[in-house]
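Chains, contacts and geometry: an overview
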Amino acid sequence: MSDRTLLLAGNWKMNHDHLEAISSVQKLAWALEDAKLDETKCDVVVIPPFTDIRSVQTLIQGDKLWLTYGAQDVSQHEPGAHTGEIAASFLARLGCTYVVVGHSERRANNHETNDIVAAKVKAALAQEITPILCIGESLEQRQEKTHVDFTLTQLEESLADLDSASLEGLVIAYEPVWAIGTGETATAEDAAEMAAAIRARLAERYSDSLAASTRILYGGSVKTDNVAQVLASDDVDGALVGGASLNGPDFAALCKAAV
Ligand code: PEP
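A quick note: this is a predicted structure, and the numbers were derived from the prediction, not measured. (Residues numbered from 1 in each chain as written. Predicted model: local features only at pLDDT ≥ 70, side-chain atom pairs only at ≥ 80, totals over all residues.)

An order of β1-β2-β3-β4-β5-β6-β7-β8 is seen for the 8 strands of this closed barrel, with the pairing classed as parallel. When strand polarity is set aside, the average angle formed by the axes of neighbouring strands in this sheet is 25°. Relative to strand β8 (residues 238–241), strand β1 (residues 6–11) runs parallel, the two being bridged by 4 bridges. Of the residues in β8, the one forming a bridge with G10 is V241. Across the sheet, helix α7 (residues 147–158) touches β5 (130–135) and β6 (171–174), and the angle it forms with β5 is around 150°. Contacts between helix α8 (residues 188–205) and the sheet are confined to β6 and β7 (215–219), with β6 contributing the most and set at about 145° to the helix. (Pairing = 2+ DSSP bridges. Helix = DSSP H or I, 4+ residues; strand = E, 2+ residues; numbered from the N terminus. Axes fitted to C-alpha atoms, helices over the stretch in contact; angles between N-to-C directions. Contact = placed C-beta atoms within 7 Å.)

The following block contains the structure:
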């Protein structure tokens, strides 16, 4: 059993407007309380759309809930002439603890390269926001058995020019693209294999202590009935959950099943 705290992060994607967000977070908080989830055993994070963050902040900080929250993306740029972008400093000001960087939907739909992802990781770290760096292979790469090499290259290129000290606290989410939103889940062995490979590469490239402290999540169709199995390996420290995090009580049940 590792001493890393379990992390369960709910990525709402483009779901829930700010009113629905308030209701969902309130129900999540009540359900977590009812489930008597031990807050020392796991961190629960909600990751709503940008337009919900202020509402979620008011609710969570106002009610002193132990949940934390984050954003789904961040600009690599400083504030300025970048229409439609959101700066890391704005997210920090809103109390975001985490930001998802390099989600496969953004890599595919918004042409985010590893270079851009690396710049986003740096922008987040500069504002002391923890990046949840997403990496993972396509179905084709898995079938060709190039998935480990591909994912580790994505890891290295997405962290280019960063040193061990600046990466302290980083979270990595291994999310095979073929498992996201498809109902297909990697087996516990698949998740364990990749998490171990990522940890070994962090040790090789940076340091043993960074490898030991970095939380590695699995993401891809995680649900209440498969979360325990997915988290079976000591190397897997939590889950990035999409669809199954949208309903507060259901996400609380998933968190309970994970602990
Ligand atoms: C995700 O959005 O990162 C994700 C893993 O989605 P889902 O759980 O719906 O597959």
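What follows is about the UniProt feature "binding site: substrate" (unreviewed entry) in the protein. The sites that UniProt annotates as "binding site: substrate" (unreviewed entry) are N11, W12, K13, G181, S221, G242 and G243. For this annotated set, covering 233 residues, all C-alpha atoms fall within 13.6 Å of each other, a compact arrangement in space. Tracing the sequence through the fold places W12 in the loop between β1 and α1 (18–34). Leave out the neighbours within four places in its chain, and W12 touches I47, P48, P49, S245 and L246. (UniProt positions renumbered as here; feature names shortened; annotations may be inferred.)

Around the ligand sit 14 residues, and of these I180, G219, S221, G242 and G243 come closest. Here the residues of the shell around the ligand are counted per class, giving 5 nonpolar, 7 polar and 2 charged. (Near = placed C-beta within 6 Å. Nonpolar A, V, L, I, M, F, W, Y, C, P; charged D, E, K, R; others polar.)

Here the focus is the pairing of β5. Taking burial as the measure, the 6 residues of β5 include 6 buried ones, the bulk of the element. The alternating pattern of β5 places T130, I132 and C134 on one face and P131, L133 and I135 on the opposite face, and all of these are buried. Judged from the 4 bridges that link them, strand β4 (residues 98–101) and β5 form a sheet pairing that is parallel. Looking across to β5, one finds that V99 is bridged to P131. Strand direction decides the pairing type here: β5 and β6, joined by 4 bridges, are parallel. Within the sheet, the bridge partner assigned to L133 lies in β6 and is I172. (Buried ≥ 20, exposed ≤ 12 C-beta atoms within 10 Å, placed from the backbone.)

Before going further, it helps to spend a moment on the environment of A9. Relative to the helices and strands, A9 is located in strand β1. Remark: the alpha-carbon pair of A9 and V222, spanning 213 residues in sequence, is separated by 11 Å. With residues near it in sequence (within four places) discarded, A9 still touches V45, I47, Y98, I132, L217, L240 and V241.

Of all 5 residues in β7, 5 are buried; the element is thus mostly enclosed. The two faces of β7 match: R215, L217 and G219 on one face and I216 and Y218 on the other face are all buried. Of the strand pairs in this sheet, β6 and β7 are connected by 4 bridges, and their pairing is parallel. Looking at β7, one finds that I172 is bridged to I216.

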